[in-house]
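In case you want the letters, here they are:
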Amino acid sequence: AQRVTQPEKLLSVFKGAPVELKCNYSYSGSPELFWYVQYSRQRLQLLLRHISRESIKGFTADLNKGETSFHLKKPFAQEEDSAMYYCALSPGPGGSEKLVFGKGTKLTVNP
Amino acid sequence: DVKVTQSSRYLVKRTGEKVFLECVQDMDHENMFWYRQDPGLGLRLIYFSYDVKMKEKGDIPEGYSVSREKKERFSLILESASTNQTSMYLCASGTVRYEQYFGPGTRLTVT
């Protein structure tokens, strides 16, 4: 069964500090991984996906197949990064159209 | 800009009432999804549709049904609302591999 685990419900850092939001997954095939973000009073939106290997708003995430992880990182957190972050998994090409989400991590960046 | 709209932002219904939640997208997407979002539980897929009149159960379909008569519209129906269906309901359209575009959500309270 596909599963996405975000071990931290809450994460609090100070502005300018590095931040890492953890995501681990279980899936026997070759999944595709995503981070979605929901800012206060805004709709959920895609932040980044591993297949595009891009950096969005200073965030990066590397898929580590050995450790089955897809942690989200930013070297210097900003107050506007405060939001709810969800890691999500898709089975990949030819797989189901279901997207499996983790339970989310609420990030607070303090001034 | 992709637009996914939901018929109501807030809805209050009584136990046993039939409830309709409507979602409309303007990007000609084949796939549409209904999720519920609960604190500590993340997003859970209720149903999705990959074409007009086609639907597939998600992880928590019990107590819900859906209708997709037109490509742009996907309705979620609670046949007999119960208090445990009090939640935030999110509609999305798009693909799991690239991006799902979310609506603003409907906060449903069942009393």
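Keep in mind that what you see is a predicted model, and the values were worked out from it rather than measured. (Residues numbered from 1 in each chain as written. Chains lettered and ligands numbered in written order. Predicted model: local features only at pLDDT ≥ 70, side-chain atom pairs only at ≥ 80, totals over all residues. Heavy atoms only, no water.)

### Section: the interface of chain A and chain B
A common measure of how large an interface is: the accessible area buried when the components associate.
1) Next: Taken together, the contact between chain A and chain B spans 21 residues of the former and 24 residues of the latter.
2) Next: For the pair chain A and chain B, the summed buried area comes to about 2,000 Å², and 53% of that belongs to carbon and sulfur atoms.
3) Next: Broken down residue by residue, the surface that chain A buries against chain B is led by A:Arg43, A:Glu97 and A:Lys98, which jointly contribute 33%.
4) Next: Counting every contact that joins chain A to chain B gives 0 salt bridges.
5) Next: Sorting the residues of the side of chain A that touches chain B by element identifies strand S5 (32–38), strand S6 (45–49) and strand S9 (83–90) of chain A as the ones contributing at least two each.
6) Next: Broken down by element, the residue count for the side of chain A that touches chain B peaks at 4 residues, all from S5(A).
7) Next: Considered class by class, the residues forming the side of chain A that touches chain B number 9 nonpolar, 5 polar and 7 charged. (Contact = heavy atoms within 4.5 Å. Buried area = accessible area lost by both parts, 1.4 Å probe. Salt bridge = Lys/Arg side-chain N within 4 Å of Asp/Glu carboxyl O. Helix = DSSP H or I, 4+ residues; strand = E, 2+ residues; numbered from the N terminus. Nonpolar A, V, L, I, M, F, W, Y, C, P; charged D, E, K, R; others polar.)

### Topic: the sheet that holds strand S8 (residues 72–74) of chain A
Residues and elements named next belong to chain A.
1) Next: Spatial ordering of the open sheet is given by S3-S8-S7, a layout of 3 strands whose pairing is antiparallel. Strands at the two margins of the open sheet, each flanked by one partner only, are strand S3 (19–21) and strand S7 (60–61).
2) Next: Of the strand pairs in this sheet, S7 and S8 are connected by 2 bridges, and their pairing is antiparallel. For Ala 61, the partnering residue across the bridge sits in S8 and is Leu 72. (Pairing = 2+ DSSP bridges.)

### A short note on the nonpolar core
1) Next: A:Trp35, A:Leu72 and A:Tyr85 are the most contacted members of the largest nonpolar core, which totals 25 residues.
2) Next: At the level of secondary structure, the elements contributing two or more residues to this core comprise strand S2 (10–14), S3, S5, S6, S9 and strand S11 (105–110) of chain A.
3) Next: In terms of residues, this core owes the most to one element, S9(A), which gives 4 residues.
4) Next: Leave out the neighbours within four places in its chain, and A:Leu72 touches A:Val19, A:Glu20, A:Leu21, A:Trp35, A:Leu47, A:Leu48, A:Phe59, A:Thr60, A:Ala61 and A:Tyr85.
5) Next: Within the second largest apolar cluster, 20 residues are counted, among which are B:Val4, B:Trp34, B:Tyr64 and B:Val66. (Core = buried A, V, L, I, M, F, W, Y, C linked by side-chain atoms within 4.5 Å. Buried < 20%, exposed > 50% of the residue type's maximum accessible area, 1.4 Å probe, protein only.)

### Examining the packing of aromatic side chains
1) Next: Inspection of the entire model under this criterion finds 11 aromatic pairs over all chains.
2) Next: With 5.7 Å between their ring centres and 50° between their planes, A:Phe59 and A:Tyr85 make a pair best called tilted. Here the residue A:Phe59 occupies a position in the loop between S6 and S7, and A:Tyr85 occupies one in strand S9, the gap between them amounting to 26 residues.
3) Next: Linked through ring pairs, A:Tyr36, A:Tyr86, A:Phe101, B:Phe33, B:Tyr35, B:Phe48, B:Tyr50 and B:Phe102 together constitute an aromatic cluster. (Phe/Tyr/Trp six-rings, centres within 6.5 Å; stacked < 30°, edge-to-face > 60°.)

### Some thoughts on unusual backbone geometry
With the exception of glycine, the majority of residues adopt a negative phi angle, and the majority of peptide bonds are in the trans configuration.
1) Next: Even without a glycine there, the phi angle at A:Thr68 is positive, about 45°.
2) Next: Looking at the secondary structure, you find A:Thr68 in the loop between S7 and S8.
3) Next: Positive phi values are uncommon outside glycine, yet B:Asp28 reaches one of about 60°.
4) Next: Relative to the helices and strands, B:Asp28 is located in the loop between strand S3 (19–25) and strand S4 (32–38).
5) Next: Looking at B:Asp28, the relative accessible area reads 55%, which means it is exposed.

### With respect to the sheet that holds strand S1 (residues 4–6) of chain B
Residue and element names in this part refer to chain B.
1) Next: Within the open sheet, the 4 strands sit side by side as S1-S3-S8-S7. Their pairing is antiparallel. Edge positions in the sheet fall to S1 and strand S7 (64–70), since each of these pairs with one other strand and no more. Geometrically, the sheet is characterised by an average inter-axis angle of 20° between neighbouring strands, direction not taken into account.
2) Next: Note: S1 against S3, 3 bridges, orientation antiparallel. Pairing of Val 4 across the sheet is with Gln 25, part of S3. (Axes fitted to C-alpha atoms, helices over the stretch in contact; angles between N-to-C directions.)

### Topic: the pairing of strand S11 (residues 106–110) of chain B
Residue and element names in this part refer to chain B.
1) Next: Going residue by residue along S11, you find Thr 106, Leu 108 and Val 110 tucked away on one face and Arg 107 and Thr 109 left uncovered on the opposite face.
2) Next: As defined by bridge partners, strand S2 (residues 10–13) adjoins S11 across 4 bridges and the pair is classed as parallel. Opposite Val 12, over in S11, you have Thr 109 as the bridge partner.

### A few points about the state of the cysteines
All names here are of chain B.
1) Next: Tallied over the entire structure, the rule returns 2 disulfides over all chains.
2) Next: Paired by a disulfide, Cys 23 and Cys 91 hold their sulfur atoms 1.8 Å apart. Taking the torsion about the sulfur-sulfur bond, which here is approximately -80°, the covalent link between Cys 23 and Cys 91 counts as left-handed. With Cys 23 in strand S3 and Cys 91 in strand S9 (residues 87–94), this residue pair connects regions lying 68 residues apart in the sequence.
3) Next: Relative accessible area serves as the criterion here: at 0%, Cys 91 is assigned to the buried category. (Disulfide = S-S within 2.5 Å.)

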